[in-house]
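# Structural overview
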Amino acid sequence: MATPAFEDIAATFDFLDDWEDRYRHVIELGRAMPPMDPAFQVPATKVDGCASQVWIMPRIENGRFDFQGDSDALIVRGLIAVLHALYSGLPVEQVAEVDAQAQLARLGLDEHLSAQRSNGVRAMIARIRQLAADAG
Amino acid sequence: MSFDVDAVRADFPILARQVHGRPLIYLDNGASAQKPRCVIEAITRAYEGEYANVHRGLHYLSNLATENYERVRAIIARFLNAPHEDEVIFTSGSTEALNMVSYGWAAPNLQPGDEILLSVLEHHANIVPWHFLRERQGVVLNWVEPEPDGSLPPEKVLAAITPRTRMIAVTHMSNVTGTVVDIAGIRAGTDLPLVVDGSQAAVHMPVDLSKLGADFYCITGHKLYGPSGSGAIWVRRERQAEMRPFLGGGDMIRTVARDAVTYNDGPLRFEAGTPGIVNQIGLGVALEYLMDLGMENIAAHERALRDYARDRLRSLNWLQVQGDAADKGAIFSMTMEGAHAHDISTILDKKGIAVRAGTHCAMPLMAHLGVPASARASFAMYNTQAEVDALIEGLTFCRELFA
């Protein structure tokens, strides 16, 4: 079991048969995610290795991991929303234990994780794990 | 002579494959082209029965490999209608070629304060080697911008020349807008050394170096349906004589002693080390294949594709195409409100359509256009009108998703 928020997303994806509907839903998740304050979209929060621009900023309170993220590409925003559901609220020391690849595979989106994909999901996960490690 | 696109497609094994369960529609030819069976077989044949190092051994296989390899120099000269075969220098592609010009010709010939005139249309391969000279020896880079429609009139280039301009570096065809640059028109107005990046143009139209007026003209094999790592630069004899060796090593020398070295004559002087022997042999086969089809026929087919795609893309009022010069190749860089180039390419990919998304190794041009990223469909001789239709359908689907 992953976080309740991620389990909700996984349950929705269970109902979606074809790739078009799965992508529609990713796009909806991207649309629904609150935008990141442009003031925080700075080099320090930028994630390199993505074809589109991606920012991730940690928010860690009381030992629990949370982050804000954004991208100028809508599908990538949706993927950030999925990652947010996967990681936010976890105790920082549990972040490294999440098998993101296996969890994203449950959504049928694992193709975004392969090593050289330029969408940068791997780079985002690496950043999230690093931020949690730095905080821990 | 006519052009049978179905017959050409049948020569490219990869075009029969599927991607995400759909027939592959390959529209990323500007990045790299697919390979015909004759090239793939030539590579296998060379390694299976005709391989040894070149220019060295006196044994049978070395002589055979050397003949097969050196024959390609003549093929390239014929393909480009170059005046002399020994003006053709093998390279691993245009990036090596343009670095060779920067390091071998421009660095020793340019003084601090001397200027290089570049077009804003250039690919990074025809920008960064000149930046080296700016950083290292105080050479000044001057830029000439295209017109709003993406065209680059020769008179605009000529008007940007100053008394300190020492050379001009310009593409023959933009990899972003498809703009064809009138090189002969530039030559008609200046005697300055002219470095021309033919990476895109030579794939899509006949090139006649005897008339073009370039001093340096590079081609890259992987875009010409040949192996990656193959290519050449044609350097006019007078300029070759002014060029110092770029890379040092075997094959480019005549004698090496502890305190002295003498160099081979050109073109070998500029080809250090064991070259991409089989890559170049494969390129020779690719160019013969193109000449058999006829570059005029290929150009006519691609013009028809361009016109068809241009009309259909224009009909989509929610789509912006960057660059609409009258003389352009079948390359279309596109943006859509509400959808990032990355979004577009991801969705098209799911439909089996391969396009490129991003800045296309042309950041100064993207900055000039005011577009952070675009999705680029670049056509080749094996593409069809039905594939244009599929692209339009895919873009329309993107519009529905992201609007």
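Residues numbered from 1 in each chain as written. Chains lettered and ligands numbered in written order. Predicted model: local features only at pLDDT ≥ 70, side-chain atom pairs only at ≥ 80, totals over all residues. Heavy atoms only, no water.

We now examine the interface of chain A and chain B. On the chain B side, the residues contacting the 18 residues of chain A number 14 residues. A buried area of about 1400 Å², summed over both sides, lies between chain A and chain B, and 62% of it is on carbon and sulfur atoms. Glu-20 of chain A is the salt-bridge partner of Lys-351 of chain B, the closest N and O atoms lying 3.8 Å from each other. Run the count over chain A and chain B and you get four residue pairs in polar contact (both at pLDDT 80 or more). Of all the secondary structure elements, the ones that give two or more residues to the side of chain A that touches chain B are helix 2 (19-32) and helix 3 (74-87) of chain A. Take the side of chain A that touches chain B: its biggest share by element is six residues, from helix 2 of chain A. Class assignment for the residues of the side of chain A that touches chain B results in eight nonpolar, four polar and six charged. (Contact = heavy atoms within 4.5 Å. Buried area = accessible area lost by both parts, 1.4 Å probe. Salt bridge = Lys/Arg side-chain N within 4 Å of Asp/Glu carboxyl O. Polar contact = N/O pair within 3.5 Å; in protein donor to acceptor, adjacent residues only side chain to side chain. Helix = DSSP H or I, 4+ residues; strand = E, 2+ residues; numbered from the N terminus. Nonpolar A, V, L, I, M, F, W, Y, C, P; charged D, E, K, R; others polar.)

All names here are of chain B. Looking at the assigned domains, one finds that chain B contains domain 1 (5-28 + 294-398) and domain 2 (41-292). For domain 1 and domain 2, the distance between their C-alpha centres works out to 27 Å. Taken together, the contact between domain 1 and domain 2 spans 32 residues of the former and 32 residues of the latter. With both sides pooled, the region where domain 1 packs onto domain 2 buries about 2500 Å², and carbon together with sulfur makes up 62% of that total. Together, Met-295, Ile-331 and Leu-365 form the three largest contributors to the area buried by domain 1 at its contact with domain 2, with a combined 24%. At the junction of domain 1 with domain 2, the criterion picks out 17 residue pairs in polar contact (both at pLDDT 80 or more). Among the secondary structure elements, those contributing two or more residues to the side of domain 1 that touches domain 2 are helix 12 (295-314), strand 14 (331-336) and helix 14 (363-369). A per-element tally of the side of domain 1 that touches domain 2 places helix 14 first, with six residues. Of the residues contributing to the side of domain 1 that touches domain 2, the split by class is 18 nonpolar, seven polar and seven charged. (Domains from an automatic or database assignment.)

Moving on: a nonpolar patch on the surface. Among the surface-exposed residues, Val-256, Val-261 and Tyr-263 of chain B lie close enough to one another that they form a single nonpolar patch of about 250 Å² accessible area. Mapped onto the elements, Val-261 of chain B comes out in strand 12 (residues 261-263). (Patch = residues over 30% accessible without salt bridge, like charges linked within 9 Å, V, L, I, M, F, W, Y side chains within 5 Å. Areas by Shrake-Rupley, 256 points an atom, 1.4 Å probe, with all protein chains shown as cover.)

This next bit is on the packing of helix 13 (residues 341-350) of chain B against helix 15 (residues 385-402) of chain B. Residues and elements named next belong to chain B. For the pair helix 13 and helix 15, interaxial distance at closest approach is 10 Å and the crossing angle is 125°. The angle between the axes of helix 13 and helix 15 places the two elements in the oblique class. Crossing angle aside, the handedness with which helix 13 passes helix 15 is right-handed. In contact with Asp-343, Ile-344, Ile-347 and Leu-348 of helix 13, helix 15 contributes Leu-391, Gly-394, Leu-395, Phe-397, Cys-398, Leu-401 and Phe-402. (Axes fitted to C-alpha atoms, helices over the stretch in contact; angles between N-to-C directions. Parallel < 35°, antiparallel > 145°, perpendicular 65-115°, else oblique. Left-handed = near helix turned anticlockwise from the far one by under 90°.)

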